[in-house]
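# Observations on the three-dimensional arrangement
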Amino acid sequence: MRLPQRVDHLIVGSGFAGLCTAIKLTEDGETDFVVIEKADDVGGTWRDNTYPGACCDVPSQLYSFSFARNPEWSSSYSPQSEIWAYLQQVARDFDLTDRIVFGTELVQATWDDDAQVWRCRTTAGEVVARTLITGTGGLSEPRLPAIDGIETFQGALFHSARWDHSVDLIGKRVAVIGTGASAIQIVPEVQQVAAHLDVYQRTAPWVIPRNDRRYPRLERLALRRVPALAKLYRTGIYWAHEGYVPAFTWQPRLGAPAEKAATINIHKAIKDPDLRAKVTPTFRLGCKRVLRSNTYYPAIASPNVDLVTDPIARITPTSVVTRDGVEHPVDVIVVATGFWTTELPIAERIVGRQGRTLAEEWADGGMSAYKGTTVHGFPNLFMMTGPNTGQGHTSVVFVIESQVAYLRDALRTMREQGYGAVEPRAAAQRRWNAMVQRRMKHTVWNRGGCSSWYLDAHGRNTVLWPKATFTFRRKLARFDADAYDAQAARPTPAREAVA
Ligand code: N01
């Protein structure tokens, strides 16, 4: 598809959020939209993260759309390939492929207050849109570590989310930097083929057992034939995961049984007391994302693996040198150091009513939005998975569906009331964020004794939602026009604003 000059709605990104938005807008008859996607396929993070062992740590029955359940998942925690294939299938089933302009990136979107439109520059040309909907996710831009000499390394070096499949790891000396959710899935795979693997750990994570199981054919048949059964599974998993909420958001000590399970996980796999001590976390479970694996600790205990806990001092053309002066020779370095989460790169590309970018707006106080979705000074902008919408315990798809419901009601209200632009009032946004940050003080993320990618440079958690997800859904169930400044649609409608 070619980029049109003008649309009612511009959706950026075709991962879970972008696809969900496109599907639901179509359902409402809001068909004048286009999705731009910088890559050449749909899938977002599930297209990009192709590292060996990539798998979802939220059960697939819940990590999928409520309106497009998939009875064909092969196991309770699906691998990346299945989730990506699922998203491709969803795009086909809902006839979206022709609505997506692939290979097209948003360069800049600038609000034009007179015409009540977003004027957007993309790598495929310009487009004018009444509303701008970002579905660019919080885990899409790899964050490379600033390690001295990293650019001088002569072997292969790549980020976990940009895996270089042309590099053969068989018989090589490999280093994995980081021990987060990506690394703990990569390490057991690399350990099996590498001659030697060094795992560079800065902070030991909590890793609980992963109760995975394959769905037998009969069970999949039942899920296909009896949709109520699939719904029941989904509901059961949802509530089981909400069970973590009190420990995460109210009383961190409630996580003690899970800490015990994780400690047993360590003791079962690792006999060496020194190694056990190195992998045992020193903060409360949940403070960083809780990881699930049955294979990580056995891999760490393997004879061809060294867990290196001395900080990295520098990288040379052929080695990693730690601060204790030891030089660790290496052929391939895998950088599993996470993503830009509290300084979203998309924020630099969106220019609001005052001529300031979202990034400038957020520079002093950190990211903030109203209901994680709309931002004062940025009319008709809807951010899917915006500030404080992230989840430490359950499926982000639930949150996305809640936000899309809010967007639909906003558009319905605008249509019915003849509004050309809506923007949350500064006071409403302030109140919302004060509530979020007040609540945040009780959470394990703020008082669990760790630093994590949930916290920004000011120590504020601008990533996660500090209550149950059903509360989030309830708060976004209706577009609350009274919290917004609304402008009547100007006589020059968006369709003539192209010129
Ligand atoms: O990234 P991370 P990730 N020198 O930021 C370390 C989702 N996800 O890609 O803990 C040395 O969690 C850093 O150390 P520390 C999930 O939401 C989901 O693994 O900061 N080390 C840490 O160990 C997840 O939370 C799935 O001290 C450095 C690691 O690198 C999110 O993605 C699967 C360093 C980064 O861990 C991100 O996970 C995979 C440095 N300079 C990912 N800088 C599912 O299954 C950082 N580190 C759904």
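Residues numbered from 1 in each chain as written. Predicted model: local features only at pLDDT ≥ 70, side-chain atom pairs only at ≥ 80, totals over all residues. Heavy atoms only, no water.

For the rest of this paragraph, the subject is the overall build of the protein. Along the protein, the regular secondary structure elements total 15 helices and 20 strands. For the protein, the C-alpha radius of gyration of 23 Å lies close to 23 Å, the compact-globule estimate for 499 residues. Across its three principal directions, the C-alpha atoms of the protein cover 75 × 55 × 45 Å. Looking at the protein as a whole, 56% of its 499 residues are labelled buried. In the protein, of all internal contacts separated by at least 6 residues, the share reaching a separation of at least 24 is 74%. Summed over its atoms, the accessible surface of the protein is roughly 21100 Å², and 51% of this surface lies on carbon and sulfur atoms. (Helix = DSSP H or I, 4+ residues; strand = E, 2+ residues; numbered from the N terminus. Rg over C-alpha atoms; globule rule 2.2 N^0.38 Å. Buried < 20%, exposed > 50% of the residue type's maximum accessible area, 1.4 Å probe, protein only. Contact = heavy atoms within 4.5 Å. Areas by Shrake-Rupley, 256 points an atom, 1.4 Å probe, with all protein chains shown as cover.)

Next up on the list: the packing of aromatic side chains. Tallying each qualifying case throughout the model produces 25 aromatic pairs. Here the aromatic rings of W46 and Y63 are separated by 5.6 Å at their centres, their planes lie at 80 degrees, and the arrangement is edge-to-face. Of this pair, W46 sits in helix α2 (residues 45–48) while Y63 sits in the loop between α2 and α3 (80–93), placing them 17 residues apart in sequence. By relative accessible area, W46 is classed as buried at 10%. Here the aromatic rings of F65 and F67 are separated by 4.8 Å at their centres, their planes lie at 15 degrees, and the arrangement is stacked. Pairwise contacts between aromatic rings join F16, W46, Y63, F65, F67, W73, Y86 and F94 into one cluster. Over the ring of F33 we find R99; its NZ or CZ atom is 4.1 Å from the centre of that ring. (Phe/Tyr/Trp six-rings, centres within 6.5 Å; stacked < 30°, edge-to-face > 60°. Lys NZ or Arg CZ within 6 Å of the ring centre and 35° of its normal.)

The three strands are arranged β13-β14-β15 in an open sheet whose pairing can be described as antiparallel. If you trace the sheet from one side to the other, it starts and ends with β13 (312–315) and β15 (327–329), each paired once. Direction aside, the axes of adjacent strands within the sheet are offset by 25 degrees on average. Across three bridges, the pairing between β13 and strand β14 (residues 319–322) is antiparallel. Among the inter-strand pairings, I312 is bridged to a residue of β14, identified as T322. (Pairing = 2+ DSSP bridges. Axes fitted to C-alpha atoms, helices over the stretch in contact; angles between N-to-C directions.)

Another aspect to go through is the site of the ligand. In the neighbourhood of the ligand, 22 residues make up the surrounding shell, with C55, D57, S182, T203 and K288 lying closest. Measuring from an oxygen atom of the ligand, one finds a backbone N or O atom of A181 at 2.9 Å. Contacts to the ligand include R202, whose side-chain N or O atom sits 2.9 Å from an oxygen atom. In the complex, 84% of the free accessible area of the ligand, which totals 910 Å², lies under the protein chains. Looking at the shell around the ligand element by element, the count peaks at three residues for helix α4 (residues 181–193). (Near = heavy atom within 4 Å. Polar contact = N/O pair within 3.5 Å; in protein donor to acceptor, adjacent residues only side chain to side chain.)

In protein chemistry, a disulfide is the covalent bond that joins the sulfur atoms of two cysteines. Taken as a whole and assessed by the stated rule, the structure comprises one disulfide. Linked covalently through their sulfurs, C287 and C450 form a disulfide whose S-S length is 2.1 Å. Negative torsions about the S-S bond denote left-handed disulfides, and the value of about -95 degrees found for C287 with C450 makes this one left-handed. Of the two residues, C287 is situated in the loop between α9 (273–279) and β11 (291–292) and C450 in the loop between α14 (444–447) and α15 (469–475); the sequence distance between them amounts to 163 residues. (Disulfide = S-S within 2.5 Å.)

Enumeration over the complete set of coordinates arrives at 23 salt bridges. With a shortest N-O distance of 2.9 Å, D480 and K371 are connected by a salt bridge. Of this pair, D480 sits in the loop between α15 and β20 (484–488) while K371 sits in the loop between α11 (358–362) and β18 (381–383), placing them 109 residues apart in sequence. Where salt bridges share partners, they join K24, E27, D28, R408, D409 and R412 into one cluster. (Salt bridge = Lys/Arg side-chain N within 4 Å of Asp/Glu carboxyl O.)

Moving on, we come to the domain arrangement of the protein. For the protein, the assigned domains read domain 1 (6–42 + 96–141 + 340–498) and domain 2 (150–205 + 258–335). Here the C-alpha centroids of domain 1 and domain 2 sit 36 Å apart. At the interface, 10 residues of domain 1 touch eight residues of domain 2. Between domain 1 and domain 2, roughly 760 Å² of surface is buried when both sides are summed, and carbon and sulfur atoms account for 50% of that area. Together, V444, C450 and Y454 form the three largest contributors to the area buried by domain 1 at its contact with domain 2, with a combined 41%. Viewed at the interface, domain 2 and domain 1 are joined by five residue pairs in polar contact (both at pLDDT 80 or more). (Domains from an automatic or database assignment. Buried area = accessible area lost by both parts, 1.4 Å probe.)

Time to look at the nonpolar core. L10, F16, F65, W118, L132, L358 and L381 are the most contacted members of the largest nonpolar core, which has 95 residues in total. Ranked by the residues each element gives to this core, the list is headed by helix α12 (residues 396–417), at nine residues. Each of domain 1 (6–42 + 96–141 + 340–498) and domain 2 (150–205 + 258–335) contributes no fewer than three residues to this core. A54, V176, I184 and Y297 belong to the second largest nonpolar core, which has 31 residues in total. (Core = buried A, V, L, I, M, F, W, Y, C linked by side-chain atoms within 4.5 Å.)

Attention now moves to the packing of helix α1 (residues 16–27) against α12. Packing of α1 against α12 leaves a shortest axis separation of 10 Å and a crossing angle of 40 degrees. α1 and α12 meet at a crossing whose hand is right-handed. Packed against α1, whose contacting residues are F16, A17, C20, T21, K24, L25 and E27, the element α12 presents V397, I400, E401, V404, L407, R408 and L411 at the interface. Tallied by class, the residues present in the contact of α1 with α12 amount to nine nonpolar, one polar and four charged. (Left-handed = near helix turned anticlockwise from the far one by under 90°. Nonpolar A, V, L, I, M, F, W, Y, C, P; charged D, E, K, R; others polar.)

Take the environment of I333 next. Structurally, I333 can be placed in strand β16 (residues 332–335). Sequence spacing of I333 and V176 is 157 residues, and the spatial spacing of their C-alpha atoms is 6.0 Å. The contact partners of I333, leaving out residues within four places of it in the chain, are F153, A156, L157, F158, A175, I177, I315 and V320.

Two elements in contact, α1 and α3, have axes whose closest approach is 11 Å; the angle formed by their N-to-C orientations is 20 degrees. Here α1 lies roughly parallel to α3, going by the angle between them. Considering how the two elements wind past one another, α1 and α3 form a crossing that is left-handed. On α3, the residues touching F16, L19 and I23 of α1 are I83, Y86, L87, V90 and A91. Taken together, the residues of the contact of α1 with α3 break down into eight nonpolar, no polar and no charged. (Parallel < 35°, antiparallel > 145°, perpendicular 65-115°, else oblique.)

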